[in-house]
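Working through the structure, step by step
What follows is the residue order along each chain.
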Amino acid sequence: MQLLEERIQTAGQVLGENILKVDSFLTHQVDTNLMKEIGQTFAQTFKEAGITKVVTIEASGIAPALYTAEALEVPMIFAKKSKNITMTEGILTAQVYSFTKQVTSQVSIAEKFLSSDDKILIVDDFLANGQAAKGLIEIIEQAGAKVEAVGIVIEKSFQDGRQVLEEAGHQVLSLARIDRFQDGQVVFRQADL
Ligand code: 5GP
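Residues numbered from 1 in each chain as written. Predicted model: local features only at pLDDT ≥ 70, side-chain atom pairs only at ≥ 80, totals over all residues. Heavy atoms only, no water.

Per an unreviewed UniProt entry, the protein is named Xanthine phosphoribosyltransferase, and its organism is Streptococcus cuniculipharyngis. The heading Catalytic activity (unreviewed entry) in the UniProt record of the protein holds the text "XMP + diphosphate = xanthine + 5-phospho-alpha-D-ribose 1-diphosphate". Under Function (unreviewed entry), UniProt gives the following word-for-word description of the protein: "Converts the preformed base xanthine, a product of nucleic acid breakdown, to xanthosine 5'-monophosphate (XMP), so it can be reused for RNA or DNA synthesis." (UniProt positions renumbered as here; feature names shortened; annotations may be inferred.)

1. Concerning the UniProt feature "binding site: xanthine" (unreviewed entry) in the protein
Those places that UniProt annotates as "binding site: xanthine" (unreviewed entry) correspond, in this numbering, to Leu-20, Thr-27 and Lys-156. Among the annotated residues just listed, those that line the largest pocket are Leu-20, Thr-27 and Lys-156. With respect to the secondary-structure elements, Thr-27 resides in the loop between strand S2 (19-21) and helix H2 (32-46). Once residues within four sequence positions are removed from consideration, Thr-27 is found in contact with Val-22, Ser-60, Asp-125 and Phe-126. Relative to the elements of secondary structure, Lys-156 occurs in strand S8 (residues 146-156). Apart from residues lying up to four places away in sequence, Lys-156 is in contact with Asn-18, Ile-19, Phe-99, Phe-126, Leu-127, Ala-128, Ile-178 and Phe-181. (1 Å grid on protein atoms, 1.4 Å probe; cavity = no way out; pocket = protein on both sides within 12 Å on 5 of 7 lines; lining within 4 Å. Helix = DSSP H or I, 4+ residues; strand = E, 2+ residues; numbered from the N terminus. Contact = heavy atoms within 4.5 Å.)

2. What to know about the packing of aromatic side chains
This model, assessed by the stated rule, comprises one aromatic pair. Look at Phe-158 and Phe-181: their rings are 5.3 Å apart centre to centre, the planes differ by 70 degrees, and that puts the pair in the edge-to-face class. With Phe-158 in the loop between S8 and helix H5 (161-167) and Phe-181 in strand S9 (residues 172-182), this residue pair connects regions lying 23 residues apart in the sequence. (Phe/Tyr/Trp six-rings, centres within 6.5 Å; stacked < 30°, edge-to-face > 60°.)

3. Observations regarding the site of the ligand
Taken together, 16 residues lie around the ligand, and Leu-20, Asn-129, Gly-130, Ala-132 and Lys-156 are the ones closest in. The separation between a nitrogen atom of the ligand and a polar main-chain atom of Leu-20 is 2.8 Å. Contacts to the ligand include Asp-125, whose side-chain N or O atom sits 3.2 Å from an oxygen atom. Bound to the protein, the ligand loses 89% of the 500 Å² it would expose on its own. Elements represented by at least two residues in the shell around the ligand include exactly S2, strand S7 (119-127) and helix H4 (131-142). Residue contributions to the shell around the ligand peak at four residues, all from S7. Class assignment of the residues belonging to the shell around the ligand gives a composition of seven nonpolar, six polar and three charged. (Near = heavy atom within 4 Å. Polar contact = N/O pair within 3.5 Å; in protein donor to acceptor, adjacent residues only side chain to side chain. Areas by Shrake-Rupley, 256 points an atom, 1.4 Å probe, with all protein chains shown as cover. Nonpolar A, V, L, I, M, F, W, Y, C, P; charged D, E, K, R; others polar.)

Structure below.
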């Protein structure tokens, strides 16, 4: 997605060896026009796929997932990272190792929001080693629902997330694919969408 690649080039900051900071448009402040384009691009791709829900993980997946769900006219569910006293009914859980926080935490979705009839599109902001997406897939499969595909805003293709997910039989579609960081600049490879 050209608009996204241009924004990453102009506003993204490379931190260390493998982190991209995009807090001015995606992970802290959110550019709603760009999110709308992102949502429409995913929705266009999956409009015939019979998606019933979009699932993401809090917090930074919520913006792109919400715009995707709106464009597909389906609900969006975000997995919660901390246990909440209002979650009194059955919950489905998975352990997820966070790439940026370097801790393992339990993520959960209330059982009542997923059923075996659901066809799910997972949407997340970044794909690094695939742990967040793997945790979401685990939860969705516990509910007997089907994961149709994993839609990623920014994939770091030099990490092994795509391989992990594809080897588990899942389709990954990314709007921007980063091949490498070179002298503080982002070098892209051909994106999926
Ligand atoms: P994974 O689970 O695929 O290893 O990592 C994906 C998760 O880690 C995303 O949900 C995202 O929140 C975070 N993440 C991974 N890499 C980056 C990065 O380079 N920049 C930012 N801002 N977040 C990242």
